[in-house]
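Per-entry structural report
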Amino acid sequence: MAVPGVRARIGAAGRVLPGRFCAALDQLLPVGPWETHQHFFKASDLRVELTNEPKPKPEVGQLQFGKHFTDHMLTVEWDQERGWGQPHIKPFQHLSLHPASSALHYAVELFEGMKAFRGQDQRVRLFRPLLNMERMSRSAARASLPPFDQLQLLECIRRLVAIDQAWVPHSDSASLYIRPTFIGTEPSLGVSRPGHALLFVILSPVEAYFSSGPMGAVGLLAEPRYVRAWLGGVGDCKMGGNYAPTILVQDEAVRAGCQQALWLYGDDHQITEVGTMNIFLFWTDPEGELELVTPPLNGIILPGVTRQSLLDLGRKWGEFRVSERSVTMGDLLRGLQEKRVREVFGSGTACVVSPVSHILYQGKNYPIPTMENGPDLTKRFLKELTDIQYGRVPSDWVLPI
């Protein structure tokens, strides 16, 4: 069911997913064995309970990623017998979970990452939130968690951000990070589809994800022994189980003098992702054509919102070929040897874009000329996206609060 408040605010932003959003909604809502007449929670039923003890807000210069939280949170409970309960905005508080909850034992859980931005006009905007709702629905289906109405959840999130909008930093280098989370709370040690679940949303004011800042270059450790995801797995879903095993490799990268891991796949060492980001290569391809390339969505790659936005912008500009195809380490090393590589950078909600300075691979350090080339394209993408996010230029990609 559509939410008038969201639809009115989306306006032309419905074109963000031309023809795909409604189709995705039809396909994703009645997923699996769930009843097609399932009762979804409605934003019109939202219960709001405001805190009597508001917390002091940190200065922008004191912000660390994910360390500070706003005054309120959103919760919606579900159980197999009664379906979805009433959505509830309440004071930020601890959760109470049964020790046998399926999320704690079998990682029946998922999350999303999105942001709200305060413009110079003091208006607060969400950036392409429909893409997050679509991806969250796909992740829920894969995790055997119950379906929900994407627009109803988006309107509840909009209401939560509106209530805590004083926490959105007054800065064009900071934002309010939004973390929708969906967990199985079935109180049983049996491995089965959960009969109880909890969807909740928390908010956190954040500065730059990397200490080096929005345009500080990072070094990558490419270690073929480790794999982030594989065909037939859940690499294209935003599940916590995809992240915990990467921490060890991240620590190894730091010990090797790098900041992030470059994830490879297959005997030919296909480049897939960098840390928790999608990866882009801007080069002259072997045929002599200028190309922006990123790995394809083949089930291994997370379909990032920033990734899609960069692809859309590149295609809109029409100044170089934009490709989604596999690139191996061998391809990249030949490009470096032949001086065809211009820039390599990661993209993600947390960091926006992050240039790459070098790659440590099979014991050898390979400098990447990203910073020597400006990095012109990386900077252009950063400016174009942040101009949209902070409302400096009008765009259908934002949803005003």
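Our subject is the structure that appears above.
Predicted model only: the values in this text are computed from it and were never measured.

As a further point, take the overall build of the chain. For the chain, the count of helices and strands is 9 helices and 19 strands. Classification of the 401 residues of the chain by burial places 57% in the buried group. Long-range pairs, those at least 24 residues apart, make up 74% of the contacts in the chain with a sequence separation of at least 6. Working note: accessible area of the chain is about 17600 Å², and carbon and sulfur atoms make up 51% of it.

Across the 5 residues of strand β10 (residues 218-222), 5 count as buried, placing the element largely inside the fold. Here β10 shows a buried face lined by V218, L220 and A222 and a second buried face lined by G219 and L221. Both β10 and strand β17 (residues 352-361) contribute to a ladder of 5 bridges, which runs parallel. The residue of β17 that forms the bridge with G219 is H358. Pairing between β10 and strand β11 (residues 260-265): 3 bridges, direction parallel. Bridge assignment links A222 to a residue of β11, and that residue is L262. Handedness of the crossover is the feature at issue here: the chain leaves β10, passes through helix α6 (residues 246-255), returns alongside β11, and the resulting connection is right-handed.

A surface patch of nonpolar side chains, amounting to about 220 Å² of accessible area, comprises V48, L50 and I163. With respect to the helices and strands, the residue V48 is situated in strand β1 (residues 47-48).

With that settled, the discussion passes to the packing of aromatic side chains. Applying the stated rule across the entire model yields 12 aromatic pairs. Between W317 and F381, the ring centres sit 5.0 Å apart and the planes meet at 20 degrees, which makes this aromatic pair stacked. Taken together, the residues span a long stretch of sequence, with W317 in helix α7 (residues 305-317) and F381 in helix α9 (residues 376-389) at a distance of 64 residues. In this structure, K55 packs its charged tip against the face of F92, placed 4.8 Å from the ring centre. Seen from the ring of W397, R128 lies directly overhead, with NZ or CZ sitting 3.9 Å from the centre.

What follows is about α9. Working note: α-helix, 3.6 residues per turn, so residues spaced by three or four point in the same direction. Here α9 is 14 residues long and its end C-alpha atoms lie 20 Å apart, about the 20 Å a rise of 1.5 Å per residue gives. Two residues or fewer after α9 comes G391, characterised by a positive phi angle close to 75 degrees.

Here helix α4 (residues 129-142) is 14 residues long and its end C-alpha atoms lie 20 Å apart, about the 20 Å a rise of 1.5 Å per residue gives. Judged by how many residues are buried, α4 sits mostly within the fold: 11 of 14 residues are covered. Taken together, the buried positions of α4 are occupied by P129, L130, L131, N132, M133, E134, R135, M136, S137, S139 and A140. Just beyond α4, the residue with positive phi is S144, at close to 60 degrees.

This part is about the pattern of salt bridges. Applying the stated criterion to the full structure yields 20 salt bridges. For E273, the salt bridge goes to R228, with nearest N and O atoms at 3.3 Å. Residue E273 is located in strand β12 (residues 270-274), and its partner R228 is located in the loop between β10 and α6; the two are separated by 45 residues in the primary sequence. Residue E273 shares its accessibility class with R228, and that shared class is buried. Across the salt bridge formed by K383 and D387, the nearest N and O atoms sit 2.7 Å from each other. Pair noted here: K383 and D387 are both in helix α9, with a separation of 4 residues, about one helical turn. Among the residues examined, K383 registers a relative accessible area of 53% and is labelled exposed. Classification of D387 by relative accessible area gives buried; the value is 10%. Several salt bridges converge on common partners, so that one network encompasses D285, E289, E291, R321 and R325.

About the cut-offs
- Residues numbered from 1 in each chain as written.
- Predicted model: local features only at pLDDT ≥ 70, side-chain atom pairs only at ≥ 80, totals over all residues.
- Heavy atoms only, no water.
- Helix = DSSP H or I, 4+ residues; strand = E, 2+ residues; numbered from the N terminus.
- Buried < 20%, exposed > 50% of the residue type's maximum accessible area, 1.4 Å probe, protein only.
- Contact = heavy atoms within 4.5 Å.
- Areas by Shrake-Rupley, 256 points an atom, 1.4 Å probe, with all protein chains shown as cover.
- Pairing = 2+ DSSP bridges.
- Right-handed = clockwise from strand over helix to strand, strands pointing away.
- Patch = residues over 30% accessible without salt bridge, like charges linked within 9 Å, V, L, I, M, F, W, Y side chains within 5 Å.
- Salt bridge = Lys/Arg side-chain N within 4 Å of Asp/Glu carboxyl O.
- Phe/Tyr/Trp six-rings, centres within 6.5 Å; stacked < 30°, edge-to-face > 60°.
- Lys NZ or Arg CZ within 6 Å of the ring centre and 35° of its normal.
- Expected span 1.5 Å × (residues − 1).

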